[in-house]
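Residue-level listing of the chains:
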Amino acid sequence: MDVVVVDSSSKDAYSLLLKAVSLIPISHYLLGFLIIFLVFLYNSLEFHILQDFLTGFRGQPVNLIFNSASDIYHGVASKCRLLHGRYLVTPWLASPHIQTTFLHFFGRAPPVTYTSVLLNIDLLIVIYWIAVSRDAFHGYTGISKDDTTRLWCKPNSPQTVIQSFRPDENSSCVTQSTSKGRRSKQEVHLRYIKHLAFKISKHGWHVVVSNHRGLGGVSITSDCFYNAGWTEDVREVINYLHQQYMAPLFVVGPSIGANVLVKYLGEEGDNTPVAGAAAICSPWDLLIGDRFISRKLLQKLYDRALTVGLQGYAQLHQPLYSRLANWEGIEKSRSIRDFDNHATRHVGKFETVDTYYRQCSSASYVGRVSVPLLCISALDDPVCTREAIPWDECRTNKNVILVTTQHGGHLGYFEGITASTMWWVRATHEFLHILYSSPYMHKKKKVQVHYPLSQASLIDQGPFLNVAEDGMVAAVRKEQTAKVSSDDTSLPQENDRTDTMRPILEQNKHMKESNSLPSMNGAQTSKQAHTNEGIKPPVSVIRRCLDQLLSRKSPWLLTYIAVATWPLLGSALFYFYKKRKMLPAKR
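Note that the structure is a prediction, hence the values are computed from the model and not measured.

Student: Sorry if this is basic, but what is going on with the UniProt feature "transmembrane region" (unreviewed entry) in the protein chain here?
Tutor: According to UniProt, the positions carrying the feature "transmembrane region" (unreviewed entry) are residues 20–42, 112–131 and 556–577. Between the end C-alpha atoms of residues 20–42 the distance is 31 Å, and the span holds 91% helix and 0% strand.

Student: How should I be thinking about a nonpolar patch on the surface in this particular structure?
Tutor: A contiguous nonpolar surface patch, about 690 Å² in accessible area, is contributed by Leu-31, Leu-34, Ile-35, Phe-37, Leu-38, Val-39 and Phe-40. Note on placement: Val-39 falls in helix α2 (residues 26–44).

Student: Even after reading the chapter, I still don't get the nonpolar core, so can you show me in this structure?
Tutor: Soluble globular proteins tend to pack their nonpolar side chains together in the buried interior. Core analysis: the biggest nonpolar cluster contains 55 residues, and Leu-83, Ile-376, Val-403, Trp-423, Trp-424 and Phe-431 have the highest contact counts within it. Of the residues forming this core, the biggest block, eight residues, is contributed by helix α16 (residues 423–436). With near-sequence residues (within four places) excluded, Phe-431 lies in contact with Ile-72, Val-76, Cys-80, Leu-83, Ala-277 and Leu-374.

Student: What's the story with the pairing of strand β13 (residues 274–280) in this structure? I'm lost.
Tutor: Within β13, seven of the seven residues are buried, which leaves it mostly tucked inside the rest of the structure. Across six bridges, strand β12 (residues 249–254) lies against β13 in parallel orientation. What sits directly across from Phe-250, in β13, is Gly-276. Between the parallel pair β12 and β13, the chain is carried across by helix α8 (residues 256–268), and the sense of this crossover is right-handed. The pairing of β13 with strand β14 (residues 373–378) spans four bridges and is classified as parallel. When the sheet's bridge partners are listed, Ile-280 is paired in β14 with Ile-376.

Student: Looking at this structure, how should I read unusual backbone geometry?
Tutor: As a rule of thumb, non-glycine residues mostly have phi less than zero, and peptide bonds are mostly trans rather than cis. Even without a glycine there, the phi angle at Phe-57 is positive, about 50°. Mapping Phe-57 onto the fold places it in the loop between α3 (49–54) and β1 (60–61). The backbone of Lys-349 sits at a positive phi, close to 60°, despite the residue not being glycine. With respect to the helices and strands, Lys-349 occurs in the loop between α13 (336–347) and α14 (353–360). Judged by its relative accessible area of 68%, Lys-349 falls in the exposed class.

Reading guide: rules and limits
- Residues numbered from 1 in each chain as written.
- Predicted model: local features only at pLDDT ≥ 70, side-chain atom pairs only at ≥ 80, totals over all residues.
- Heavy atoms only, no water.
- UniProt positions renumbered as here; feature names shortened; annotations may be inferred.
- Helix = DSSP H or I, 4+ residues; strand = E, 2+ residues; numbered from the N terminus.
- Patch = residues over 30% accessible without salt bridge, like charges linked within 9 Å, V, L, I, M, F, W, Y side chains within 5 Å.
- Areas by Shrake-Rupley, 256 points an atom, 1.4 Å probe, with all protein chains shown as cover.
- Salt bridge = Lys/Arg side-chain N within 4 Å of Asp/Glu carboxyl O.
- Core = buried A, V, L, I, M, F, W, Y, C linked by side-chain atoms within 4.5 Å.
- Buried < 20%, exposed > 50% of the residue type's maximum accessible area, 1.4 Å probe, protein only.
- Contact = heavy atoms within 4.5 Å.
- Pairing = 2+ DSSP bridges.
- Right-handed = clockwise from strand over helix to strand, strands pointing away.

Right, here's the structure in full:
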């Protein structure tokens, strides 16, 4: 049996240690726990106040990604002072999470009111013209259309469309109706929208805010709901403004609106009236963003908050969602992916949620953008990750200027001690203002569309049967190529069709007349046929037909004839070969 001997000196050491710990004041323990908690909070919320202090509060340089041969950079972006400077965050907001939260709950938005216009009666698409007080602007004259003043600004000034996607918690429904389909309402949009609208309209630009269908207290009359890739509404708004007002049109899309904007520009290419655009804090790749927002605890909080907003949107249109989607699953959704699985996927007719994310991501469309496009993204964005930014696609496209900053949060970018201004608002206005004064604004081009003729015209155009004098029947088609520009969509005239059909009609008439003659006996008909000088020998007829086929470059037709006649020719050759073999050999 082993005996364990405990040294009395070790007992004394532990007792002395416990006695020393008990002698430490409780306030020191509280101070230590506070320091540990602050370090944990500093790292979790991604504070960078110490980094800014060590750099003398000079801010971080702005990084530009562009094509070296880009005229947009050399003619526009190179003249933007803000894009070649530094961005310094408001010191007491030195965290992307704090900036994002401050923007949502406070934001310090300037006073801006709206005048709403019902754009599409069937779809109930509403746009909001910015109307600011006279005290904000001095020396500007009001413009009007249909006796309704939009805002105080310079006449014939450019117009800017802000693609907004959801009202904030203080939104209210329409309270008063007016004539001509226009309705005035007391609505408070998201605060960053008001910052941008006030900044741009202050310099004399017309500003229009476009909400997606079903937002801002507007009901939905169809089975179509908005999603992250729905571009039909913004296309409707842009075409309407382009047709109604002959002024340069610029579009700004923040957050999900940026994804829809870039996707729209990629779909349209050169066939868009947009002169310039800006995409702010775009998610770019929805599939990567879905993985990112469910990765960490703080991102899961954003995910849950956004899901609650989507559920509130669905609650406003419960009758439609109950019929088109899984309403029970919508109510139980705990994440954006759950909501998209039970609602968006069904309404948008997507096979899976990942299919919806892949097809609606703007990263695959940015390479086809033909409009000067400014893209601003913060590398510490807590909602839209930097992993989804299409670096190479933006660098390849000469029309895209990608701007990234180390800090900024999601649409935050507050600056100054009082956090009264937002850096991305000033940078966007500067870029669009210089673009407006430059010759690099995009202009809608008249694209020639080459398309096949309609079914009706194809019937009239052929193929026709051409009966020659020697009795050969051949197919004839009149080749035509339809080149229709955006301003001229006329089809071939009836005169051309009549000219094409005239030889065939005359030939049919001749055949009918010959068939109407009284029948003759077989001998007389045979004699007349042999004495007719117009008939050529069969060999010459075949040779002429082969020459015509070769001149038309139709080897596939010759191949078809060879394959079709092979059974007959093969049988004949086999018969002659067998008969020759049966003949007695000569001695």
